[in-house]
There are 2 protein chains.
Amino acid sequence: MQQAATRIAIALSERCRSFFEILQQRICTALEEVDGVQRFNEDRWERAEGGGGLTRVMENGAVFEKAGVNTSTISGMMPEVIARKMNVTPGTFFVTGISLVIHPRSPMVPTVHANYRYFEKDDGDAWFGGGSDLTPYYPFDEDTVQFHATLKRACDAHEPSYYPRFKRWCDEYFFIKHRGETRGVGGIFFDYLRGDAEKVFSFVQSVGDVFIDSYLPVVRKRMHEPWGEHERNWQLIRRGRYVEFNLIYDRGTTFGLETGGRTESILMSLPPLVQWRYDMQPENDSREARLLEILKHPQEWVR
Amino acid sequence: MQQAATRIAIALSERCRSFFEILQQRICTALEEVDGVQRFNEDRWERAEGGGGLTRVMENGAVFEKAGVNTSTISGMMPEVIARKMNVTPGTFFVTGISLVIHPRSPMVPTVHANYRYFEKDDGDAWFGGGSDLTPYYPFDEDTVQFHATLKRACDAHEPSYYPRFKRWCDEYFFIKHRGETRGVGGIFFDYLRGDAEKVFSFVQSVGDVFIDSYLPVVRKRMHEPWGEHERNWQLIRRGRYVEFNLIYDRGTTFGLETGGRTESILMSLPPLVQWRYDMQPENDSREARLLEILKHPQEWVR
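Residues numbered from 1 in each chain as written. Chains lettered and ligands numbered in written order. Predicted model: local features only at pLDDT ≥ 70, side-chain atom pairs only at ≥ 80, totals over all residues. Heavy atoms only, no water.

J.: So what about the overall build of chain A? Which residues, and what values?
T.: Tallying secondary structure elements over chain A gives ten helices and ten strands in all. Computed over C-alpha atoms, the radius of gyration of chain A comes to 20 Å, within 12% of the 19 Å expected from 2.2 N^0.38 for 303 residues, which places it in the range of a compact globule. With respect to the principal axes defined by its C-alpha atoms, chain A has extents near 65 × 55 × 40 Å. For chain A, the computed accessible surface area is about 13500 Å², with 49% contributed by carbon and sulfur atoms. Across chain A, the mean location of the 38 positive side-chain charges is 1 Å away from that of the 43 negative side-chain charges. (Helix = DSSP H or I, 4+ residues; strand = E, 2+ residues; numbered from the N terminus. Rg over C-alpha atoms; globule rule 2.2 N^0.38 Å. Areas by Shrake-Rupley, 256 points an atom, 1.4 Å probe, with all protein chains shown as cover. Lys, Arg positive; Asp, Glu negative; His and termini not counted. Charge placed at Lys NZ, Arg CZ, Asp CG, Glu CD.)

J.: Hey, could you go over the side chain of Thr150 of chain B for me, with residue numbers and the actual values?
T.: Topologically, Thr150 of chain B is positioned in helix α3 (residues 141–156). Discounting chain neighbours no more than four positions away, the residues touching Thr150 of chain B are Val210, Asp213 and Ser214 of chain B. (Contact = heavy atoms within 4.5 Å.)

J.: Could you give an account of the pattern of salt bridges, naming the residues involved and the relevant values?
T.: If you walk through the whole model with that rule in mind, you get 59 salt bridges over all chains. A salt bridge links Glu49 of chain B to Arg47 of chain B; its shortest N-O distance comes to 3.7 Å. Judged by its relative accessible area of 57%, Glu49 of chain B falls in the exposed class. For Arg47 of chain B, a relative accessible area of 26% gives the class partly exposed. Where Glu65 of chain B meets Arg239 of chain B, a salt bridge forms, and the shortest distance between an N and an O atom there is 2.8 Å. Of the two residues, Glu65 of chain B is situated in strand β3 (residues 64–78) and Arg239 of chain B in helix α7 (residues 229–249); the sequence distance between them amounts to 174 residues. Of the two residues, Glu65 of chain B and Arg239 of chain B, neither departs from the other in class, the shared state being buried. One salt-bridge network, in which partners are shared between bridges, spans Glu142, Asp143, Lys221, Arg222 and Glu225 of chain A. (Salt bridge = Lys/Arg side-chain N within 4 Å of Asp/Glu carboxyl O. Buried < 20%, exposed > 50% of the residue type's maximum accessible area, 1.4 Å probe, protein only.)

J.: Account for the confidence of the model for chain A, naming residues and giving values.
T.: Here chain A averages 95 in pLDDT, and 98% of its residues register 70 or above. Two numbers describe this predicted complex: its pTM, 0.95, and its ipTM, 0.93. (pLDDT = per-residue confidence, 0-100.)

J.: Could you give an account of the relation of the copies chain B and chain A, naming the residues involved and the relevant values?
T.: Note on the chain copies: they are related by a rotation about an axis and a translation along it. Expressed as a screw operation, the relation of chain B to chain A combines 0.0 Å of axial shift with a rotation of 180°, fitting to an RMSD of 0.0 Å. Such a combination of turn and shift is consistent with a two-fold rotation axis. By C-alpha distance to the rotation axis, the residue of chain B lying nearest is Val274 of chain B, at 2.5 Å. (Least-squares fit on C-alpha atoms with pLDDT ≥ 70 in both.)

J.: Mind laying out the sheet that holds strand β6 (residues 126–135) of chain A, listing which residues take part and the relevant values?
T.: Residue and element names in this part refer to chain A. Pairing is antiparallel across the open sheet formed by seven strands, whose spatial order is β1-β2-β3-β4-β5-β6-β9. Of all the strands in the sheet, just β1 (41–46) and β9 (186–193) have a single pairing partner and so form its edges. Strand after strand, the sheet turns through a mean of 10° between neighbouring axes, direction not considered. This element, helix α4 (residues 162–173), spans β6 and β9 of the sheet and lies at about 100° to β9. Each of β3 (64–78), β4 (91–104), β5 (111–121) and β6 touches helix α7 (residues 229–249); the most contacted strand, β4, lies at about 165° to it. (Pairing = 2+ DSSP bridges. Axes fitted to C-alpha atoms, helices over the stretch in contact; angles between N-to-C directions.)

J.: Account for the interface of chain B and chain A, naming residues and giving values.
T.: The interface of chain B with chain A comprises 31 residues on the first partner and 31 residues on the second. Around 2700 Å² of area is buried between chain B and chain A when both sides are counted, 56% of it from carbon and sulfur atoms. Per-residue buried area on chain B facing chain A is highest for Glu264, Trp276 and Tyr278 of chain B; these three make up 31% of the total on that side. Summed over the shared surface of chain B and chain A, the number is two salt bridges. With its nearest N and O atoms 2.8 Å apart, the salt bridge here joins Glu264 of chain A to Arg179 of chain B. The interface formed by chain B and chain A includes 17 residue pairs in polar contact (both at pLDDT 80 or more). Elements that contribute at least two residues to the side of chain B that touches chain A include exactly β2 (51–59), α7, α8 (251–258), α9 (263–266) and β10 (273–275) of chain B. (Buried area = accessible area lost by both parts, 1.4 Å probe. Polar contact = N/O pair within 3.5 Å; in protein donor to acceptor, adjacent residues only side chain to side chain.)

J.: Just give me the short version of unusual backbone geometry, but keep the residues and values in it.
T.: Residue and element names in this part refer to chain A. Phi angles above zero are rare outside glycine, and Asn87 is one such case at about 60°. Position of Asn87 relative to the elements: it lies in the loop between α2 (80–86) and β4. Overall, the relative accessible area of 69% leaves Asn87 in the exposed class. A positive phi angle is found at Tyr192, which is not glycine, with a value near 50°. By the element assignment, Tyr192 lies in strand β9. You can call Tyr192 partly exposed: its relative accessible area is 30%.

J.: Explain the pairing of strand β1 (residues 43–46) of chain B to me, using residue names and the numbers behind them.
T.: All names here are of chain B. Bridge count between β1 and β2: four bridges; the pairing is antiparallel. When the sheet's bridge partners are listed, Trp45 is paired in β2 with Gly53. Hairpin connection of β1 to β2: four residues between the antiparallel strands, including Gly50 at a positive phi of 130°.

What follows is the structure, given as structure tokens:
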């Protein structure tokens, strides 16, 4: 005799949280496997006003010099100043999300960032935000194409307008104005994505799920490329641009610090070692100059 | 036969500029003498809209890992957005100033910052701003006292209320909110100092003139203190706080970058090499813990 499937309604907020937490676990495991030496530690924290998170950081790995993969789920009363900044009405809120930044040791392996979150208010307003973007020090076009193509496939399966729109948004968002450069070769970025919440969640699951496939093949391909002091210096200087972007322009960072977010979890995004030299310019026609060309003129990597 | 002294009136703006440029020269020479190995380069630049500057940077010295001593003199039309931020009426403006940040190699020698400037508007409004502050990695009370006492003497010669007022302003200004710490052990800070311009200029000359005496004795005393990898790591981590303050809170930096200032001259303040580790806490009762105690509880160093 066949039994009717029993379906228990679980709130979207809980399903999002669960998705992000499982994704965190999967990503950490995949990164540990590639690294082969170091493991992620676990730092569980609570927020006095409600909620908490799990910050997972790997430092001094063989492949990954510093990698942070965080989840957090926060709820409470939204301060008026924040509501104004977010252009929403005040009230109680709930937010759950995953945020990661990976800084490989080798200058031949790009840094990557991804962040996905679900935001809900007591008046029923709810939206998703997030994205993922790549920051190479020595760019290989085929890697950039593979990263973008993987994201595009995940986007296209849901809505053909997503990739071109979110790709462009990413280039605009990760722009370091005082340098006239993008932070990296982009990816996707979106915020306040409302509409059919189930459909949007399904899209967010897809782009979250492909994170590993978008990035780890690039790592495996480039982690054995040779490099020396020259490349290391360039990487440390470029990491300085990453810091400049995150501390000056990144809304997640500045907003998080302003509103009393957990400093160490927010700033886990900063690179392990960074250099600032005065007016360092790459030689003409060098690989370093080529990176700057790309960062000054965002390109279409997949069509 | 005695000749009457011939006095030619020279505008205050020109005398300020001249004072700052000569001070720059004197400070660079004094620093080169202490360093003994490396010299300052000279980078003269012009601003399309009017004015320019001389950026002088020493990198990889024996004593000074990176030191920048800049002067600039800018004039032109003040954009409305800037006038609003500065709480003054728009119009043409003139500003001349000196700005320096010195990052020694040894963790036993503190970083120092000083900046003095004269601002003038076409409607006759004019003021001085500036200050000088010390950022040790391993604090020696007698050094901090000597630094503060030197500044206090220079202040007291002009106006007894200056030192206590500007010392407190400095502690308030150089506060890293998300860390609950001051950037260093302070010094003096003041802005929009109006009044009898000749008197204020005379005060600014005094505090500018004592810069060398406030700092170089500390350098000479500590440059031969022993240190190793442990102290170096702590210095690199603390330098991260310096970056956090400058890029997130420092008005000179954020304002300069926003208004199209010369990026490389503004960011010469950033340390040569910086480290960010996850949630690094010093051991109880260590010298590192003592630094944090001081930074969390600003003290009166001279009375």
